[in-house]
Protein chains: 2
Amino acid sequence: MWGPTAVTVAVLLGASAASAQTFKRLGGCPKLGCVFPPDHTDFLVGQHFDIRLEVHAPVNGTEAYSGGVPDEKFSFCIQRGYGPCTDAAKFFNVKEPALEKWSFSYFEDLFAQDAGASTTVNVASKAFRGLQLTTPGTYQAKLKYYKGSETVANWVVREPAQRRKAKNVILFIGDGMTQAMITAARLIAHKSVNGRYQSLMQMDQMDNLGHQMTHSLDSFITDSANSATALYTGKKASVSALNVYADSSPNSFDDPKIETIAQLFRRVTGGPIGMVSTAFIADATPAALCAHTRDRNQFPQIIQEYLQGASSVNSTLKWPTGCDGPDVVFGGGAENFIAGPTSPGGADYYKAFKDKGYNVVYNNKDLQKVATDKKTLGIFSKSNLAKWIDRHVYPQNLLNQKNSPTGDGTDATDQPGLKDMTLKAIDILQARQKKKNTGFFMMSEAASIDKMMHVLDYDRALGELLELDDTIRATIARKYARVCDYRGADAGYIISDLKKIGEYQNTLIVVTADHGHGFDVFGGADTKYLAAQTDDRNKRNAVGVYESSGLSGYTVAEGSLPTNDTVIYGSEGPNFPVQWNPRYTYAAGFGANPDHREGYAINKNGPRLPATRGSSGTLEVNPADQPNGFIVNGTIPVSQSQGVHSLQDVSVFANGPGSEAFRGVYNNIDIFFKIADALALGAQH
Amino acid sequence: MWGPTAVTVAVLLGASAASAQTFKRLGGCPKLGCVFPPDHTDFLVGQHFDIRLEVHAPVNGTEAYSGGVPDEKFSFCIQRGYGPCTDAAKFFNVKEPALEKWSFSYFEDLFAQDAGASTTVNVASKAFRGLQLTTPGTYQAKLKYYKGSETVANWVVREPAQRRKAKNVILFIGDGMTQAMITAARLIAHKSVNGRYQSLMQMDQMDNLGHQMTHSLDSFITDSANSATALYTGKKASVSALNVYADSSPNSFDDPKIETIAQLFRRVTGGPIGMVSTAFIADATPAALCAHTRDRNQFPQIIQEYLQGASSVNSTLKWPTGCDGPDVVFGGGAENFIAGPTSPGGADYYKAFKDKGYNVVYNNKDLQKVATDKKTLGIFSKSNLAKWIDRHVYPQNLLNQKNSPTGDGTDATDQPGLKDMTLKAIDILQARQKKKNTGFFMMSEAASIDKMMHVLDYDRALGELLELDDTIRATIARKYARVCDYRGADAGYIISDLKKIGEYQNTLIVVTADHGHGFDVFGGADTKYLAAQTDDRNKRNAVGVYESSGLSGYTVAEGSLPTNDTVIYGSEGPNFPVQWNPRYTYAAGFGANPDHREGYAINKNGPRLPATRGSSGTLEVNPADQPNGFIVNGTIPVSQSQGVHSLQDVSVFANGPGSEAFRGVYNNIDIFFKIADALALGAQH
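Residues numbered from 1 in each chain as written. Chains lettered and ligands numbered in written order. Predicted model: local features only at pLDDT ≥ 70, side-chain atom pairs only at ≥ 80, totals over all residues. Heavy atoms only, no water.

## Remarks on the state of the cysteines
Disulfide: a covalent bond formed between the sulfur atoms of two cysteine residues.
All names here are of chain A.
Next up, step 1: Across all of its chains, the model carries 6 disulfides over all chains by this definition.
Next up, step 2: Across the disulfide from Cys290 sits Cys323; the S-S distance is 2.1 Å. Torsion about the S-S bond of the Cys290 and Cys323 cystine: about -90°, corresponding to left-handed handedness. Of this pair, Cys290 sits in the loop between helix 6 (284-287) and helix 7 (299-308) while Cys323 is found in the loop between helix 8 (310-313) and strand 15 (328-332), placing the two residues 33 residues apart along the sequence.
Next up, step 3: Taking the relative accessible area as the measure of exposure, Cys290 reaches 2% and is therefore buried.
Next up, step 4: Residue Cys323 is classed as buried on the basis of its relative accessible area of 1%.
Next up, step 5: Each bonded cysteine of chain A is numbered by sequence order, and under that numbering the disulfide pairs are 1-2, 3-4, 5-6. (Disulfide = S-S within 2.5 Å. Helix = DSSP H or I, 4+ residues; strand = E, 2+ residues; numbered from the N terminus. Buried < 20%, exposed > 50% of the residue type's maximum accessible area, 1.4 Å probe, protein only.)

## Concerning the UniProt feature "active site" (unreviewed entry) in chain A
Residue and element names in this part refer to chain A.
Next up, step 1: Per the UniProt entry, the sites bearing "active site" (unreviewed entry) are Ser224 in this numbering.
Next up, step 2: With respect to the helices and strands, the residue Ser224 is situated in helix 4 (residues 224-233).
Next up, step 3: Look past the residues within four positions of Ser224 in its chain and what remains in contact with it is Asp175, Ala284, Thr285, Arg296, Asp514, His515 and His645.
Next up, step 4: For Ser224, the side chain forms a polar contact with the side chain of Asp175, separated by 3.1 Å. (UniProt positions renumbered as here; feature names shortened; annotations may be inferred. Contact = heavy atoms within 4.5 Å. Polar contact = N/O pair within 3.5 Å; in protein donor to acceptor, adjacent residues only side chain to side chain.)

## Section: the packing of aromatic side chains
Next up, step 1: With the rule as written, the count across this model stands at 56 aromatic pairs over all chains.
Next up, step 2: Their ring planes at 80° and their centres at 5.0 Å tell us that Phe280 of chain B and Phe299 of chain B sit as a pair that is edge-to-face. With Phe280 of chain B in strand 14 (residues 273-280) and Phe299 of chain B in helix 7 (residues 299-308), the pair connects residues that are 19 residues apart, well separated along the chain.
Next up, step 3: Ring geometry for Tyr350 of chain B versus Tyr362 of chain B: centroids 4.9 Å apart, planes at 90°, classification edge-to-face. Pair noted here: Tyr350 of chain B is in helix 9 (residues 349-355) and Tyr362 of chain B is in the loop between strand 16 (359-361) and helix 10 (364-369), with a separation of 12 residues, a long-range link.
Next up, step 4: An aromatic cluster of at least three residues, connected via ring pairs, comprises Phe43, Phe49, Phe91, Phe92, Tyr139 and Trp155 of chain A.
Next up, step 5: The ring of Tyr666 of chain A has Lys674 of chain A sitting right over it, with the charged end atom 4.3 Å from the ring centre.
Next up, step 6: The ring of Phe673 of chain B is capped by Arg158 of chain B, whose NZ or CZ atom sits 3.9 Å from the centre of that ring. (Phe/Tyr/Trp six-rings, centres within 6.5 Å; stacked < 30°, edge-to-face > 60°. Lys NZ or Arg CZ within 6 Å of the ring centre and 35° of its normal.)

## Observations concerning the interface of chain A and chain B
Next up, step 1: Opposite the 118 residues of chain A that make contact, chain B presents 118 residues.
Next up, step 2: Linking chain A with chain B are 10 salt bridges.
Next up, step 3: In this structure, Arg196 of chain B and Asp42 of chain A form a salt bridge, with 2.8 Å as the shortest nitrogen-oxygen distance.
Next up, step 4: The interface formed by chain A and chain B includes 64 residue pairs in polar contact (both at pLDDT 80 or more).
Next up, step 5: Residues of the side of chain A that touches chain B, tallied by class, amount to 47 nonpolar, 46 polar and 25 charged. (Salt bridge = Lys/Arg side-chain N within 4 Å of Asp/Glu carboxyl O. Nonpolar A, V, L, I, M, F, W, Y, C, P; charged D, E, K, R; others polar.)

## A look at helix 17 (residues 669-678) of chain A
All names here are of chain A.
Next up, step 1: Counting buried residues in helix 17 gives 9 out of 10 residues, a clear majority hidden from the surface.
Next up, step 2: Buried residues of helix 17: Ile669, Asp670, Ile671, Phe672, Phe673, Lys674, Ile675, Ala676 and Ala678, and no others.
Next up, step 3: The positive-phi residue at the C-terminal boundary of helix 17 is Ala680, with phi of around 55°.

## Observations concerning the relation of the copies chain A and chain B
Next up, step 1: Once chain A is rotated about the relating axis by 180° and shifted along it by 0.0 Å, it coincides with chain B to within an RMSD of 0.0 Å. The operation mapping one copy onto its partner corresponds to a two-fold rotation axis. Within chain A, the C-alpha atom positioned nearest to the axis of rotation is that of Gly591 of chain A, 2.6 Å from it.
Next up, step 2: Mapped onto chain B, 100% of the interface residues of chain A are again interface residues, and the two copies thus contact each other with one and the same surface. (Least-squares fit on C-alpha atoms with pLDDT ≥ 70 in both.)

## Brief notes about the packing of helix 12 (residues 418-433) of chain B against helix 14 (residues 458-476) of chain B
Residues and elements named next belong to chain B.
Next up, step 1: Relative to each other, helix 12 and helix 14 sit at 30°, their axes nearing to 9 Å. Judged by the angle between their axes, helix 12 and helix 14 are roughly parallel. As helix 12 packs across helix 14, the resulting crossing turns out to be right-handed. Of the residues in helix 14, those in contact with Leu418, Lys419, Thr422, Leu423 and Ile426 of helix 12 are Glu467, Leu468, Asp470, Thr471, Ala474 and Thr475.
Next up, step 2: Here the residues of the contact of helix 12 with helix 14 sort into 5 nonpolar, 3 polar and 3 charged. (Axes fitted to C-alpha atoms, helices over the stretch in contact; angles between N-to-C directions. Parallel < 35°, antiparallel > 145°, perpendicular 65-115°, else oblique. Left-handed = near helix turned anticlockwise from the far one by under 90°.)

## Section: the sheet that holds strand 3 (residues 49-58) of chain A
Residues and elements named next belong to chain A.
Next up, step 1: Taken in spatial order, the 4 strands of this open sheet run 1-3-7-6, and their pairing is antiparallel. Across the chains shown, the open sheet's two edge strands, defined by having one partner strand only, are strand 1 (33-36) and strand 6 (100-106). Adjacent strand axes in the sheet meet at a mean angle of 25°, parallel and antiparallel pairs treated alike.
Next up, step 2: The pairing of strand 3 with strand 7 (residues 119-131) spans 9 bridges and is classified as antiparallel. By the bridge assignment for strand 7, Leu53 is matched with Lys126. (Pairing = 2+ DSSP bridges.)

## Describing the environment of Pro405 of chain B
Residue and element names in this part refer to chain B.
Next up, step 1: Mapped onto the elements, Pro405 comes out in the loop between helix 11 (388-392) and helix 12.
Next up, step 2: Classification of Pro405 by relative accessible area gives buried; the value is 3%.
Next up, step 3: Contacts of Pro405, omitting those with residues within four sequence positions, involve Ala334, Ile338, Tyr350, Tyr362, Ile379, Phe380, Ser381, Lys382 and Ala412.

## Observations regarding the UniProt feature "binding site: Zn(2+)" (unreviewed entry) in chain A
Next up, step 1: Mapped onto the present numbering, the UniProt feature "binding site: Zn(2+)" (unreviewed entry) falls on Asp450, His454, Asp514, His515 and His645 of chain A. For the annotated residues, spread through 196 residues, the largest C-alpha to C-alpha distance comes to 14.3 Å, consistent with a single compact locus.
Next up, step 2: Its place among the elements puts Asp450 of chain A in helix 13 (residues 448-454).
Next up, step 3: Judged by its relative accessible area of 6%, Asp450 of chain A falls in the buried class.
Next up, step 4: Its location among the elements puts His645 of chain A in strand 28 (residues 645-646).
Next up, step 5: On the basis of relative accessible area, His645 of chain A is assigned to the buried category, the value being 1%.
Next up, step 6: Apart from the residues within four sequence positions on either side, His645 of chain A is in contact with Ile221, Thr222, Asp223, Ser224, Asp450, His454, His515, Gly516 and His517 of chain A together with Phe522 and Tyr546 of chain B.
Next up, step 7: Engagement of the side chain of His645 of chain A in a polar contact is seen with the backbone oxygen of Thr222 of chain A, the distance being 2.9 Å.

So this is what it looks like as structure tokens:
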């Protein structure tokens, strides 16, 4: 849905009259000569990267140039500080790369797209692979072409921290999580008396607070691929790109690569790394720890790269660094492991992991029992894992899914939650770092905050957010070690938190998001009154705003009215709602809607599906969704079945050694440098 | 529109079957005995406050009790720590107040409202006036009634800071300003190259960052009256209430009062205080510095209280503290000063201020010239001041308004902006504090961020936000002292910034909001393509999301395309858009909509009016608004003509002595205590 817009064509097409930005010739390349990494790129000392150069000759369209013949005799030099500009092959002491040539086409704007009038561009290109800059300072990378044209990329190799402050790093990502969602989650899960909370989110209580800007390289709205690339590599990239700059070549796996924080940690310290997600494990946010591709949808190759590195995917290219099999891989997405059309090369990748020495587990019971000494793969369902609300409140929704990770057609009813996976991951990473005292690096993602916001299922999104918060709390120090299976029975296995294992004071914990969604709560809704009205306009009168918004109905027992003088906890303890289906719900809205119905009530039967394909073939209101609700027409293209990401800065919360650096307002790429500095990953050079 | 729901009636009505929260019997009083200040109230040492006690006897409805006869023999005592509970009159050494009696009625829920079935409550009450608690510690205020019922309010008098850190305090309030708006303003006003900003908002660069929770006393959505009350008094209150707890009595001016930060500063230091706003100056956010009423719409009395104190409005009640005529009063709202039906007592209040020694000015030219030694009233238009966009980009919109502050029927074309007013205010406050070296306190409000968000006029809201940011920047240190009149001619008067007058290192600057709106940017819009489509669904295809959101069209010259490699500034310097009407605009949405049209384009002819009263008599889409756009049906009651406030936490930015205290996540009431502690206002007791 949000893949690259460039498509490769072999023929030259007629001229287009318009010129605009909705579609780009190539993101990050405003001129006809392109340098990747582009202007305004910062590097960690010693971080591996590729360079891609392209010279464009548009055959037609508003930029048509040079009769469609690109300059093949371009030159490229690197200048450090005020020094001379040295030919790049000499500067890096590598062989001059071979010339490559291809064509691609694109539409210049929506009018051109409607008319089918594409613009074709012929390209001459070279790529340098597996480079490093080992001296801090400023650099200029200069591409000269078309006799006098020049594209200059200013690069900075940042001065690295010399002292390692943090032994371990745990990076929690609430995918799509905004402050408005954190506020809403607090409202439904924490009791307030006369406007003052009696308990707080764990995030509220973190030592340091910051904001990060999420804009991507070439569009102001980002997706989870390029935002994860920014967080893990310190580099801005294009939508859908994982740790590469998207070039215009046909191959999704030859784009210029960048080394990630996980790969750096592995290479520099030799320590264990972990990836935990409630998504299918080839999804963008975990994938960006280890994989390199312009197209986040290449799931089999992404799984292959986890285990065997980038060179196994594209054997012609030298790429010197990899995750070398993360020590912990926990999530969903069994379809990319079970031998078949969506597994790497059609092979059984459970077996491939076992052959590399992994323990492999398929349910929460086995996850809790598995030994901690070996690398461990835990895949607990096909597709994304079940949502907290369905596991805890509506467990019947786990049935009839035929999503067992073993592929035997049964239901994956014993799925772990984020907390189960994260605490077990700490156990394993801690056991595996002990021998050499290397410390560990882990990313743990609450993926379905985003996935449920996309389908306007605010309740499930907030459930995932509360599970994330509970996981952070338990990671620091659990108050009680209660582990339940999906039926509520005590699973009773002992799992670790940082304080218990004596690592809390050694561990930098960073909690942030990769982008936002335009969600906010604006009032209360009397769902009983709403359901009793038959007219769409009358239904809207069920919404109470300002003084009629009332108090949270979620923190009192079912059937009770919200009052100001009691504090009651549900079976999940003080950090979750007492009930999810009160008469008086919160009323929330979303800035970027598909056509949908709104009834301000929880979907008991599983995640929402707001829009479906109607008789016209385009997406329209799903009549089966929120049947008591009223119709809201959309504000985004009718091709979009879901809400879309938004611009707003997202919050950063941090505890532990090095966490002071996360205060204030900064770019998402700075998260990489702050973590790298806490670990002193640039200091070895 | 958002006044209190309680209405006073004289007759007793029939029974109601339902019971709910949309309407409350009395906010902050879940039981039949009410204590104000209620449970969970914190005080500054020595802060003046009133106590109101009420015992309710509902005649009918679900809570009907005691045959509708309230207990008149209730008792009330105060207990400090583990000491005895002492009768309140004795504890405070005051006379036992007289018993008061009245009735009020309310609807228990929407069904009851539809049926016209109200519930009547008879009340017995007492009020203690002008009290103080001068010893830090915990207190319990216990109301005993109906032979065995008890309502307990737990109070805390916080341990005050003993050392004054800040000489001056400037509190900037961006009314309704969220982080999503700050992010959008940054996008349109600051040039980004490859996803990295080349300049930043002043707010981005402040030393300390925090978040505050905005919930009100008795509803989770707040308005600007009770949120300002929280910021200025440290007390949660109800929607529409200014520095009082809303009681159920008929009189809007006998509700229990609370002393504000401005009044405390005046009383404790004797120093000058300033109020600056782009709203009419009786509007809630400035009003809450000095006024006390349950109903923010009592504008004449609010103005009267600025000058003559609370006792002048309700002479029967003793209230020992007041603003005593703020030294600076700058804003709009001439209709409350020109002698007539909306001025206090019908009198000429310009004259009343002059009689108290004020200089009075009516336009920017005179504002800049006026002497700095006297108290100064500057009223620059009727109603709210003109918006930054209309003053700077579309000045023709200032014409034919007949809004001259003098009431002569001419146009107020020479209106100052927030920066003009704020810098001049600093001049006056600095001059007036010098003799006794008291320091000064000022609140400066960008009011129309909120007002323009209400009408979905995102462009004007962001213009106001950028003006606020520019004002903060200039308050710290201006790079150039350019002051223009509305025609762009250089007005050339010298105005002060904190660095120039040597007060920067003495001044605590706090920038925050009072609440949010559910606004966010989710893409780009090709307004040319949108206008060319005739079908509402096709128009939505003009929106580009993710990689098609593109780059900001606002930071390049008109007619140019957004590119990544140029930095151009408009005539307003680097902190405003180069153009406001690019082909490629941002596409933004709002969670809480009235019916409206959306075309993602600026309204050139003045602020938007999204919904108007249709043939049905209810509010419907305004066909004249955004005529190129498509129809979006609303998500809130059809009685709402505007978008409504939202729940999300808002950001706090702070610089200067005491500003470290503003880091992290806290309640809006804590802002009062942090400012009071920076000024050591509790230390005198």
